[in-house]
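An overview of the molecular structure
Chain by chain, the residues:
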Amino acid sequence: MNKHQTMTGLRLSCAAAVLALTACASPDQAPATADVAVSRHAVENAVSAGAADLAPAEITAARDKMIRANQALAARDYKLARELAVQAQADAKLAQSKAASAKATAASTQLNEDLRVLREEVDRANTQ
Amino acid sequence: MKNRKSAVSILAAAVLAAACASAPVTTPTLDQARSDFVSANNNPQVSTYAPMEFKQASEALDQANQAAARRESLSDVDRLAYVAKQRIATAQEVAKAKAAEANIADASRQRDQVRLEARTAEADRAKRDAEAAQAAAQQAQAQAQATMQQNAALTERAAQLESLLNDIQAVKTERGYVVTIGDVLFATDQATLNPNGTSTLRKLADVMSQNPNRTVLVEGFTDSTGSASHNQDLSQRRAEAVATALGQMGVARDRISMKAYGQAFPVASNDNASGRQQNRRVEIVLSNEGAQIPPRAAMR
(Lines give C-alpha, C1' and ligand atoms only; values in the text may rest on other atoms or scores of the structure.)
Protein backbone atom coordinates (compact mmCIF):
# COMPACT_ATOMS: atom_id res chain seq x y z
CA MET A 1 0.00 0.00 0.00
CA ASN A 2 2.80 2.35 0.98
CA LYS A 3 4.71 1.39 -2.12
CA HIS A 4 1.61 1.94 -4.16
CA GLN A 5 1.11 5.39 -2.64
CA THR A 6 4.75 6.29 -3.24
CA MET A 7 4.39 5.16 -6.85
CA THR A 8 1.24 7.21 -7.18
CA GLY A 9 3.00 10.24 -5.73
CA LEU A 10 5.90 9.75 -8.07
CA ARG A 11 3.56 9.50 -11.05
CA LEU A 12 1.70 12.63 -10.06
CA SER A 13 5.04 14.44 -9.62
CA CYS A 14 6.10 13.31 -13.08
CA ALA A 15 2.78 14.46 -14.48
CA ALA A 16 3.24 17.80 -12.74
CA ALA A 17 6.78 18.09 -14.06
CA VAL A 18 5.65 17.29 -17.59
CA LEU A 19 2.85 19.78 -17.13
CA ALA A 20 5.28 22.49 -15.97
CA LEU A 21 7.73 21.84 -18.82
CA THR A 22 5.08 21.84 -21.50
CA ALA A 23 2.90 24.58 -20.03
CA CYS A 24 4.07 27.19 -22.49
CA ALA A 25 3.94 24.90 -25.51
CA SER A 26 0.13 25.04 -26.07
CA PRO A 27 -2.92 26.21 -24.05
CA ASP A 28 -4.61 22.78 -24.56
CA GLN A 29 -1.56 20.60 -23.98
CA ALA A 30 -1.40 20.81 -20.16
CA PRO A 31 -5.00 19.75 -19.27
CA ALA A 32 -4.86 16.96 -21.91
CA THR A 33 -1.65 15.57 -20.41
CA ALA A 34 -3.13 15.74 -16.90
CA ASP A 35 -6.34 13.97 -17.99
CA VAL A 36 -4.37 11.17 -19.64
CA ALA A 37 -2.26 10.76 -16.47
CA VAL A 38 -5.39 10.54 -14.26
CA SER A 39 -6.92 7.98 -16.64
CA ARG A 40 -3.79 5.83 -16.60
CA HIS A 41 -3.97 5.87 -12.83
CA ALA A 42 -7.65 4.78 -12.99
CA VAL A 43 -6.75 1.88 -15.30
CA GLU A 44 -3.97 0.74 -12.95
CA ASN A 45 -6.35 0.86 -9.96
CA ALA A 46 -8.89 -1.22 -11.88
CA VAL A 47 -6.27 -3.82 -12.80
CA SER A 48 -5.10 -4.15 -9.19
CA ALA A 49 -8.76 -4.62 -8.18
CA GLY A 50 -8.89 -7.71 -10.44
CA ALA A 51 -10.71 -6.12 -13.40
CA ALA A 52 -8.66 -8.15 -15.93
CA ASP A 53 -10.52 -11.28 -14.74
CA LEU A 54 -13.77 -9.82 -13.44
CA ALA A 55 -14.51 -7.06 -16.02
CA PRO A 56 -12.45 -7.95 -19.13
CA ALA A 57 -14.62 -6.04 -21.64
CA GLU A 58 -14.50 -2.77 -19.70
CA ILE A 59 -10.77 -2.94 -18.92
CA THR A 60 -9.98 -3.76 -22.58
CA ALA A 61 -12.03 -0.75 -23.71
CA ALA A 62 -10.25 1.47 -21.17
CA ARG A 63 -6.78 0.31 -22.28
CA ASP A 64 -7.65 0.72 -25.94
CA LYS A 65 -8.79 4.30 -25.34
CA MET A 66 -5.64 4.99 -23.27
CA ILE A 67 -3.46 3.90 -26.19
CA ARG A 68 -5.44 6.09 -28.58
CA ALA A 69 -5.28 9.03 -26.12
CA ASN A 70 -1.49 8.72 -25.97
CA GLN A 71 -1.34 8.57 -29.78
CA ALA A 72 -3.47 11.73 -29.93
CA LEU A 73 -1.14 13.42 -27.43
CA ALA A 74 1.86 12.52 -29.58
CA ALA A 75 0.03 13.88 -32.63
CA ARG A 76 -0.71 17.08 -30.66
CA ASP A 77 -4.47 16.49 -31.06
CA TYR A 78 -5.17 17.62 -27.50
CA LYS A 79 -8.94 17.81 -27.85
CA LEU A 80 -9.16 14.16 -28.96
CA ALA A 81 -6.63 13.17 -26.28
CA ARG A 82 -8.84 14.69 -23.56
CA GLU A 83 -12.04 13.15 -24.91
CA LEU A 84 -10.46 9.69 -25.07
CA ALA A 85 -8.91 10.12 -21.60
CA VAL A 86 -12.30 11.00 -20.08
CA GLN A 87 -13.93 7.94 -21.70
CA ALA A 88 -11.05 5.69 -20.67
CA GLN A 89 -11.45 6.91 -17.10
CA ALA A 90 -15.21 6.19 -17.16
CA ASP A 91 -14.50 2.68 -18.53
CA ALA A 92 -11.77 2.06 -15.92
CA LYS A 93 -13.95 3.18 -13.03
CA LEU A 94 -16.77 0.92 -14.22
CA ALA A 95 -14.27 -1.96 -14.55
CA GLN A 96 -13.02 -1.37 -11.02
CA SER A 97 -16.49 -1.13 -9.47
CA LYS A 98 -17.61 -4.23 -11.39
CA ALA A 99 -14.65 -6.20 -10.06
CA ALA A 100 -15.33 -4.98 -6.52
CA SER A 101 -19.05 -5.82 -6.69
CA ALA A 102 -18.32 -9.28 -8.17
CA LYS A 103 -15.95 -10.04 -5.27
CA ALA A 104 -18.33 -8.68 -2.62
CA THR A 105 -21.31 -10.52 -4.14
CA ALA A 106 -19.36 -13.80 -4.24
CA ALA A 107 -18.25 -13.36 -0.63
CA SER A 108 -21.79 -12.46 0.42
CA THR A 109 -23.27 -15.48 -1.37
CA GLN A 110 -20.68 -17.77 0.22
CA LEU A 111 -21.36 -16.35 3.66
CA ASN A 112 -25.13 -16.75 3.22
CA GLU A 113 -24.54 -20.38 2.25
CA ASP A 114 -22.24 -20.92 5.25
CA LEU A 115 -24.90 -19.42 7.49
CA ARG A 116 -27.59 -21.66 6.02
CA VAL A 117 -25.44 -24.78 6.54
CA LEU A 118 -24.57 -23.71 10.07
CA ARG A 119 -28.27 -23.18 10.89
CA GLU A 120 -29.09 -26.63 9.52
CA GLU A 121 -26.35 -28.21 11.64
CA VAL A 122 -27.56 -26.41 14.74
CA ASP A 123 -31.19 -27.41 14.06
CA ARG A 124 -30.12 -31.03 13.59
CA ALA A 125 -28.10 -30.98 16.77
CA ASN A 126 -31.01 -29.43 18.70
CA THR A 127 -33.57 -31.98 17.49
CA GLN A 128 -31.39 -34.95 18.41
CA MET B 1 -52.15 24.66 -61.73
CA LYS B 2 -48.38 24.89 -61.93
CA ASN B 3 -48.35 27.70 -59.40
CA ARG B 4 -50.39 25.75 -57.00
CA LYS B 5 -48.10 22.78 -57.26
CA SER B 6 -45.02 24.85 -56.49
CA ALA B 7 -46.81 26.43 -53.53
CA VAL B 8 -47.42 22.96 -52.04
CA SER B 9 -43.75 22.11 -52.56
CA ILE B 10 -42.68 25.27 -50.79
CA LEU B 11 -45.05 24.51 -47.90
CA ALA B 12 -43.71 20.97 -47.61
CA ALA B 13 -40.14 22.24 -47.57
CA ALA B 14 -41.02 24.75 -44.87
CA VAL B 15 -42.72 22.09 -42.73
CA LEU B 16 -39.69 19.82 -43.19
CA ALA B 17 -37.32 22.62 -42.26
CA ALA B 18 -39.37 23.48 -39.18
CA ALA B 19 -39.47 19.82 -38.20
CA CYS B 20 -35.72 19.58 -38.51
CA ALA B 21 -35.22 22.72 -36.47
CA SER B 22 -37.43 21.58 -33.56
CA ALA B 23 -36.59 17.78 -33.58
CA PRO B 24 -34.26 17.01 -30.65
CA VAL B 25 -30.96 15.33 -31.47
CA THR B 26 -30.52 11.91 -29.94
CA THR B 27 -28.43 8.73 -30.41
CA PRO B 28 -28.95 5.14 -29.39
CA THR B 29 -26.32 5.61 -26.69
CA LEU B 30 -28.13 8.62 -25.27
CA ASP B 31 -31.44 6.71 -25.31
CA GLN B 32 -29.72 3.86 -23.51
CA ALA B 33 -28.14 6.23 -20.97
CA ARG B 34 -31.54 7.84 -20.24
CA SER B 35 -33.15 4.44 -19.79
CA ASP B 36 -30.29 3.26 -17.50
CA PHE B 37 -30.66 6.49 -15.52
CA VAL B 38 -34.35 5.75 -14.86
CA SER B 39 -33.43 2.24 -13.61
CA ALA B 40 -30.72 3.60 -11.33
CA ASN B 41 -33.05 6.31 -10.04
CA ASN B 42 -35.63 3.63 -9.17
CA ASN B 43 -33.06 1.46 -7.36
CA PRO B 44 -33.17 2.31 -3.64
CA GLN B 45 -29.74 0.69 -3.16
CA VAL B 46 -28.21 3.36 -5.43
CA SER B 47 -29.54 6.28 -3.35
CA THR B 48 -28.52 4.49 -0.14
CA TYR B 49 -25.07 3.21 -1.06
CA ALA B 50 -23.82 5.26 -4.05
CA PRO B 51 -25.21 8.83 -3.80
CA MET B 52 -21.92 10.44 -4.88
CA GLU B 53 -21.47 8.18 -7.92
CA PHE B 54 -25.11 8.76 -8.86
CA LYS B 55 -24.65 12.54 -8.65
CA GLN B 56 -21.62 12.36 -10.99
CA ALA B 57 -23.64 10.18 -13.38
CA SER B 58 -26.51 12.70 -13.31
CA GLU B 59 -24.12 15.52 -14.13
CA ALA B 60 -22.65 13.55 -17.05
CA LEU B 61 -26.16 12.84 -18.38
CA ASP B 62 -27.06 16.55 -18.02
CA GLN B 63 -24.05 17.45 -20.18
CA ALA B 64 -25.12 14.93 -22.83
CA ASN B 65 -28.73 16.20 -22.73
CA GLN B 66 -27.54 19.83 -23.02
CA ALA B 67 -25.33 18.95 -25.98
CA ALA B 68 -28.32 17.25 -27.58
CA ALA B 69 -30.51 20.31 -26.89
CA ARG B 70 -27.86 22.55 -28.42
CA ARG B 71 -27.99 20.24 -31.45
CA GLU B 72 -24.29 19.57 -31.32
CA SER B 73 -22.79 16.93 -33.61
CA LEU B 74 -24.06 13.39 -33.14
CA SER B 75 -20.56 12.17 -32.38
CA ASP B 76 -20.18 14.74 -29.55
CA VAL B 77 -23.60 13.84 -28.11
CA ASP B 78 -22.78 10.15 -28.40
CA ARG B 79 -19.40 10.62 -26.70
CA LEU B 80 -20.96 12.48 -23.73
CA ALA B 81 -23.82 9.95 -23.57
CA TYR B 82 -21.28 7.12 -23.45
CA VAL B 83 -19.50 8.66 -20.45
CA ALA B 84 -22.88 9.17 -18.73
CA LYS B 85 -23.90 5.55 -19.44
CA GLN B 86 -20.64 4.21 -17.98
CA ARG B 87 -20.99 6.40 -14.86
CA ILE B 88 -24.60 5.26 -14.33
CA ALA B 89 -23.40 1.65 -14.59
CA THR B 90 -20.58 2.47 -12.15
CA ALA B 91 -23.10 3.86 -9.63
CA GLN B 92 -25.14 0.62 -9.96
CA GLU B 93 -22.02 -1.54 -9.41
CA VAL B 94 -20.86 0.52 -6.41
CA ALA B 95 -24.34 0.21 -4.87
CA LYS B 96 -24.31 -3.53 -5.52
CA ALA B 97 -20.89 -3.91 -3.88
CA LYS B 98 -21.85 -1.85 -0.83
CA ALA B 99 -25.13 -3.76 -0.45
CA ALA B 100 -23.20 -7.04 -0.61
CA GLU B 101 -20.74 -5.72 1.99
CA ALA B 102 -23.65 -4.72 4.23
CA ASN B 103 -25.07 -8.22 3.85
CA ILE B 104 -21.65 -9.68 4.70
CA ALA B 105 -21.58 -7.66 7.91
CA ASP B 106 -25.14 -8.67 8.77
CA ALA B 107 -24.58 -12.35 7.94
CA SER B 108 -21.37 -12.35 9.99
CA ARG B 109 -23.30 -11.03 12.98
CA GLN B 110 -25.97 -13.68 12.45
CA ARG B 111 -23.33 -16.38 12.13
CA ASP B 112 -21.72 -15.29 15.41
CA GLN B 113 -25.16 -15.27 17.01
CA VAL B 114 -26.01 -18.76 15.72
CA ARG B 115 -22.63 -20.09 16.88
CA LEU B 116 -23.18 -18.58 20.31
CA GLU B 117 -26.68 -20.08 20.51
CA ALA B 118 -25.33 -23.44 19.35
CA ARG B 119 -22.64 -23.39 22.05
CA THR B 120 -25.20 -22.40 24.68
CA ALA B 121 -27.57 -25.14 23.55
CA GLU B 122 -24.71 -27.64 23.59
CA ALA B 123 -23.72 -26.60 27.09
CA ASP B 124 -27.35 -26.89 28.23
CA ARG B 125 -27.61 -30.34 26.66
CA ALA B 126 -24.38 -31.44 28.34
CA LYS B 127 -25.68 -30.13 31.68
CA ARG B 128 -29.01 -31.93 31.25
CA ASP B 129 -27.22 -35.14 30.26
CA ALA B 130 -24.94 -34.88 33.28
CA GLU B 131 -27.89 -34.29 35.59
CA ALA B 132 -29.79 -37.21 34.08
CA ALA B 133 -26.72 -39.43 34.42
CA GLN B 134 -26.30 -38.40 38.04
CA ALA B 135 -29.97 -39.04 38.80
CA ALA B 136 -29.73 -42.44 37.13
CA ALA B 137 -26.62 -43.24 39.13
CA GLN B 138 -28.33 -42.23 42.37
CA GLN B 139 -31.37 -44.31 41.49
CA ALA B 140 -29.20 -47.30 40.64
CA GLN B 141 -27.35 -46.90 43.92
CA ALA B 142 -30.59 -46.66 45.87
CA GLN B 143 -31.90 -49.72 44.08
CA ALA B 144 -28.71 -51.64 44.77
CA GLN B 145 -28.96 -50.70 48.43
CA ALA B 146 -32.62 -51.73 48.58
CA THR B 147 -31.76 -55.04 46.91
CA MET B 148 -28.92 -55.55 49.36
CA GLN B 149 -31.23 -54.87 52.32
CA GLN B 150 -33.85 -57.18 50.85
CA ASN B 151 -31.24 -59.89 50.35
CA ALA B 152 -29.99 -59.40 53.90
CA ALA B 153 -33.58 -59.71 55.20
CA LEU B 154 -34.14 -62.83 53.11
CA THR B 155 -30.87 -64.34 54.31
CA GLU B 156 -31.78 -63.56 57.90
CA ARG B 157 -35.22 -65.10 57.50
CA ALA B 158 -33.71 -68.14 55.85
CA ALA B 159 -31.24 -68.44 58.71
CA GLN B 160 -34.04 -68.13 61.28
CA LEU B 161 -36.06 -70.76 59.45
CA GLU B 162 -33.02 -73.02 59.24
CA SER B 163 -32.37 -72.62 62.96
CA LEU B 164 -35.99 -73.34 63.95
CA LEU B 165 -36.22 -76.32 61.62
CA ASN B 166 -32.95 -77.60 63.07
CA ASP B 167 -34.44 -77.40 66.56
CA ILE B 168 -37.33 -79.66 65.58
CA GLN B 169 -35.02 -81.96 63.56
CA ALA B 170 -36.72 -81.25 60.20
CA VAL B 171 -35.22 -83.18 57.30
CA LYS B 172 -35.00 -81.58 53.88
CA THR B 173 -36.60 -83.73 51.12
CA GLU B 174 -37.83 -83.19 47.58
CA ARG B 175 -41.40 -82.68 48.91
CA GLY B 176 -40.25 -80.08 51.45
CA TYR B 177 -39.04 -80.17 55.06
CA VAL B 178 -40.30 -83.23 56.94
CA VAL B 179 -40.76 -83.11 60.75
CA THR B 180 -41.36 -86.45 62.37
CA ILE B 181 -43.47 -86.54 65.55
CA GLY B 182 -42.27 -89.85 66.96
CA ASP B 183 -44.23 -92.36 69.02
CA VAL B 184 -42.57 -91.08 72.19
CA LEU B 185 -44.38 -87.75 71.80
CA PHE B 186 -47.79 -89.44 72.10
CA ALA B 187 -49.29 -91.29 75.06
CA THR B 188 -49.06 -95.04 74.41
CA ASP B 189 -51.66 -96.21 71.87
CA GLN B 190 -53.38 -92.82 72.28
CA ALA B 191 -53.83 -89.75 70.07
CA THR B 192 -52.87 -87.34 72.83
CA LEU B 193 -49.68 -85.30 72.44
CA ASN B 194 -47.41 -85.12 75.45
CA PRO B 195 -45.70 -81.79 76.41
CA ASN B 196 -42.61 -82.55 74.26
CA GLY B 197 -44.84 -83.12 71.25
CA THR B 198 -46.72 -79.87 71.91
CA SER B 199 -43.43 -78.00 72.21
CA THR B 200 -42.22 -79.30 68.83
CA LEU B 201 -45.54 -78.30 67.19
CA ARG B 202 -45.34 -74.81 68.72
CA LYS B 203 -41.98 -74.26 67.01
CA LEU B 204 -43.47 -75.46 63.72
CA ALA B 205 -46.43 -73.08 64.21
CA ASP B 206 -43.90 -70.23 64.65
CA VAL B 207 -42.22 -71.21 61.40
CA MET B 208 -45.59 -71.16 59.64
CA SER B 209 -46.59 -67.76 61.01
CA GLN B 210 -43.28 -66.36 59.71
CA ASN B 211 -43.69 -68.07 56.32
CA PRO B 212 -47.29 -67.41 55.27
CA ASN B 213 -46.70 -68.90 51.79
CA ARG B 214 -46.02 -72.37 53.14
CA THR B 215 -48.61 -75.06 53.91
CA VAL B 216 -48.38 -78.36 55.80
CA LEU B 217 -49.50 -81.90 55.09
CA VAL B 218 -49.96 -84.01 58.24
CA GLU B 219 -49.48 -87.75 57.58
CA GLY B 220 -50.25 -90.44 60.19
CA PHE B 221 -48.60 -93.94 60.28
CA THR B 222 -48.56 -97.00 62.63
CA ASP B 223 -46.70 -100.29 62.91
CA SER B 224 -48.21 -103.56 61.69
CA THR B 225 -49.27 -104.79 65.14
CA GLY B 226 -53.01 -105.19 65.50
CA SER B 227 -55.79 -105.00 62.92
CA ALA B 228 -55.43 -102.84 59.84
CA SER B 229 -58.62 -100.95 60.67
CA HIS B 230 -57.38 -100.22 64.19
CA ASN B 231 -54.10 -98.99 62.74
CA GLN B 232 -55.89 -96.87 60.11
CA ASP B 233 -58.05 -95.39 62.84
CA LEU B 234 -55.10 -94.70 65.15
CA SER B 235 -53.05 -93.03 62.39
CA GLN B 236 -56.09 -90.94 61.50
CA ARG B 237 -56.67 -89.82 65.08
CA ARG B 238 -52.99 -88.98 65.69
CA ALA B 239 -52.83 -86.95 62.44
CA GLU B 240 -56.02 -85.14 63.44
CA ALA B 241 -54.60 -84.43 66.88
CA VAL B 242 -51.55 -82.82 65.33
CA ALA B 243 -53.65 -80.80 62.86
CA THR B 244 -55.97 -79.63 65.63
CA ALA B 245 -53.04 -78.63 67.81
CA LEU B 246 -51.50 -76.60 65.00
CA GLY B 247 -54.89 -74.95 64.39
CA GLN B 248 -55.12 -74.03 68.07
CA MET B 249 -51.65 -72.51 67.81
CA GLY B 250 -52.93 -69.98 65.22
CA VAL B 251 -52.25 -71.76 61.92
CA ALA B 252 -55.23 -71.27 59.56
CA ARG B 253 -56.98 -74.61 58.90
CA ASP B 254 -56.90 -74.09 55.12
CA ARG B 255 -53.11 -74.30 55.33
CA ILE B 256 -53.28 -77.71 56.98
CA SER B 257 -54.01 -80.91 55.01
CA MET B 258 -54.21 -84.33 56.54
CA LYS B 259 -53.80 -87.96 55.45
CA ALA B 260 -53.84 -91.27 57.38
CA TYR B 261 -51.92 -94.26 56.00
CA GLY B 262 -52.27 -96.86 58.79
CA GLN B 263 -49.47 -99.41 58.68
CA ALA B 264 -48.42 -98.46 55.10
CA PHE B 265 -45.05 -96.82 54.34
CA PRO B 266 -43.00 -98.26 57.22
CA VAL B 267 -39.64 -96.60 57.73
CA ALA B 268 -38.16 -99.56 59.66
CA SER B 269 -38.71 -103.31 60.18
CA ASN B 270 -41.84 -104.32 62.13
CA ASP B 271 -39.99 -107.44 63.37
CA ASN B 272 -38.52 -105.81 66.45
CA ALA B 273 -39.66 -103.32 69.09
CA SER B 274 -37.38 -100.47 68.09
CA GLY B 275 -38.36 -100.75 64.41
CA ARG B 276 -42.06 -100.79 65.32
CA GLN B 277 -41.57 -97.72 67.49
CA GLN B 278 -40.02 -95.88 64.52
CA ASN B 279 -42.97 -96.85 62.33
CA ARG B 280 -45.48 -95.40 64.83
CA ARG B 281 -45.22 -91.73 63.87
CA VAL B 282 -46.78 -88.59 62.40
CA GLU B 283 -44.83 -86.89 59.62
CA ILE B 284 -45.49 -83.22 58.94
CA VAL B 285 -44.41 -82.08 55.49
CA LEU B 286 -43.75 -78.32 55.31
CA SER B 287 -44.16 -77.12 51.72
CA ASN B 288 -41.46 -75.17 49.93
CA GLU B 289 -42.12 -71.41 49.62
CA GLY B 290 -45.38 -70.98 47.67
CA ALA B 291 -45.29 -74.57 46.30
CA GLN B 292 -47.72 -77.53 46.38
CA ILE B 293 -46.75 -80.65 48.27
CA PRO B 294 -46.48 -83.61 45.84
CA PRO B 295 -48.63 -86.57 46.94
CA ARG B 296 -46.79 -89.46 48.56
CA ALA B 297 -48.01 -92.04 46.01
CA ALA B 298 -46.26 -90.14 43.25
CA MET B 299 -42.97 -90.56 45.09
CA ARG B 300 -42.99 -94.28 44.99
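Summary of the structure given here. Per chain, residues are indexed from 1 in the order of the written sequence. In the order they appear in the text, chains get letters beginning with A and ligands get numbers beginning with 1. Local features in this predicted model are restricted to residues whose pLDDT is 70 or higher, and side-chain atom pairs enter the listing and the counts only when it is 80 or higher, whereas totals over whole chains, interfaces and linings include all residues. Calculation of side-chain values draws on the structure's entire complement of heavy atoms; hydrogens and water are dropped beforehand.

Some points on the nonpolar core
Using the following cut-off: Nonpolar core, defined: a set of buried Ala, Val, Leu, Ile, Met, Phe, Trp, Tyr and Cys residues in which side-chain atoms within 4.5 Å join the residues together. The buried label goes to any residue with under 20% of its type's maximum accessible area, the exposed label to any with over 50%, and the partly exposed label to all in between, with areas taken from a 1.4 Å probe on protein chains only. Think of it this way: any DSSP run of H or I at least four residues long counts as a helix, any run of E at least two long counts as a strand, and we number them from the N terminus. Working rule for contacts: check all heavy atoms of both residues, and any pair within 4.5 Å makes them a contact.
Ranked by internal contacts, the top residues of the largest apolar core, which has 28 residues, are Leu165(B), Ile181(B), Leu201(B), Val242(B), Leu246(B) and Ile284(B). Listed by contribution, the elements that provide at least two residues to this core are α5 (74-167), β2 (177-182), α6 (195-210), β3 (216-221), α7 (228-248) and β5 (281-286) of chain B. Residues within four places of Val242(B) in sequence aside, it is in contact with Phe186(B), Leu193(B), Leu201(B), Val218(B), Val282(B) and Ile284(B). Of all hydrophobic cores here, the second largest spans 21 residues; its members include Ala46(A), Ala62(A), Leu84(A) and Ala99(A).

Let's talk about the interface of chain A and chain B
Inclusion rule: Note on terms: buried area is the combined drop in 1.4 Å-probe accessible area of two parts once they are placed together, counting the loss on both. In what follows, salt bridge is the name for a side-chain nitrogen of Lys or Arg lying within 4 Å of a carboxyl oxygen of Asp or Glu. Identification of polar contacts relies on pairs of N or O atoms within 3.5 Å, with a donor-acceptor requirement for protein atoms, meaning one able to donate a hydrogen and the other able to accept it, and with residues adjacent in sequence counted only if both atoms are side-chain atoms. Gly falls in the polar group here, along with every residue not listed as nonpolar (Ala, Val, Leu, Ile, Met, Phe, Trp, Tyr, Cys, Pro) or charged (Asp, Glu, Lys, Arg).
With 25 residues of chain A at the contact, the number on the chain B side is 24 residues. Here chain A meets chain B over a buried area of about 2,200 Å², counting both sides, of which 64% is carbon and sulfur. Along the contact surface separating chain A from chain B lie one salt bridge. Along the contact surface separating chain A from chain B lie nine residue pairs in polar contact (both at pLDDT 80 or more). Examining the composition of the side of chain A that touches chain B, we find that 24 residues originate from one element, helix α5 (residues 78-127) of chain A, more than from any other. Residues that form the side of chain A that touches chain B fall into these classes: 11 nonpolar, seven polar and seven charged.

Focus on the pattern of salt bridges
By the definition in use, this model includes 18 salt bridges over all chains. Between Lys55(B) and Glu59(B) there is a salt bridge; the shortest N-O distance is 3.2 Å. Highlighted residues: Lys55(B) and Glu59(B), both in helix α4 (residues 51-69), separated by four residues, approximately one helical turn. Of the residues examined, Glu59(B) reaches a relative accessible area of 39% and is grouped as partly exposed. A salt bridge links Glu283(B) to Arg281(B); the shortest N-O distance between them is 2.8 Å. Both residues of the pair, Glu283(B) and Arg281(B), count as buried. Each of Lys79(A), Glu83(A), Asp76(B) and Arg79(B) takes part in one network of salt bridges that share partners.

Comments concerning the sheet that holds strand β4 (residues 256-260) of chain B
Residue and element names in this part refer to chain B. Our working rule: Between any two strands, at least two bridges found by DSSP are needed for them to pair.
Here we have five strands laid out as an open sheet, ordered β1-β2-β5-β3-β4, and mixed in their pairing. Of all the strands in the sheet, just β1 (171-172) and β4 have a single pairing partner and so form its edges. In terms of strand pairing, β2 meets β5 through six bridges, oriented antiparallel. Across the sheet, Val 179 pairs through a bridge with Ile 284, a residue of β5.

Overview of the layout of surface pockets
Here is the rule: Throughout, the protein atoms alone are placed on a 1 Å grid, and a set of points is a cavity if a 1.4 Å probe fits but cannot get out or a pocket if it is open with protein on both sides within 12 Å along at least five of seven lines; lining residues have an atom within 4 Å of a point. Grid points are joined across faces, edges and corners, and a volume is the space filled by probe spheres set on the points.
Estimated volume of the largest pocket: approximately 650 Å³. Listed by contribution, the elements that provide at least two residues to the lining of the largest pocket are α2 (29-48) and α5 of chain A together with α4 and α5 of chain B. Counting residues per element, the lining of the largest pocket draws most heavily on α5(B), which supplies 10 residues. Of the residues belonging to the lining of the largest pocket, the class tally is 10 nonpolar, seven polar and 10 charged.

Things to note about unusual backbone geometry
All names here are of chain B. For Arg 71, which is not glycine, the phi torsion reads 55° and is therefore positive. With respect to the helices, strands and loops of the structure, Arg 71 is situated in the loop between α4 and α5. Phi is positive for Phe 265, which is not a glycine, with a value near 55°. Relative to the helices and strands, Phe 265 resides in the loop between β4 and α8 (273-279).

Digging into the packing of aromatic side chains
Residues and elements named next belong to chain B. Note the following rule: In this analysis, rings of Phe, Tyr and Trp, with Trp reduced to its six-membered ring, are considered paired at centre separations within 6.5 Å, and the interplanar angle assigns stacked below 30 degrees, edge-to-face beyond 60, and tilted for intermediate values. Over a ring means this: the NZ of a Lys or the CZ of an Arg is within 6 Å of the ring centre and within 35 degrees of the ring normal.
Counted under the stated rule, the structure contains four aromatic pairs over all chains. Ring centres 5.2 Å apart and planes at 15° place the aromatic pair Phe 37 and Phe 54 in the stacked group. On the criterion of sequence distance, the pair formed by Phe 37 in helix α2 (residues 28-42) and Phe 54 in helix α4 is long-range, its members being 17 residues apart. Between Phe 221 and Tyr 261, the ring centres sit 5.3 Å apart and the planes meet at 10°, which makes this aromatic pair stacked. Taken together, the residues span a long stretch of sequence, with Phe 221 in strand β3 and Tyr 261 in the loop between β4 and α8 at a distance of 40 residues. Residue Phe 221 is classed as buried on the basis of its relative accessible area of 0%. Through a chain of ring-to-ring contacts, the aromatic side chains of Phe 221, Tyr 261 and Phe 265 assemble into a single cluster. A cation sits over an aromatic face here: Arg 281 above Phe 221, 3.8 Å from the ring centre.

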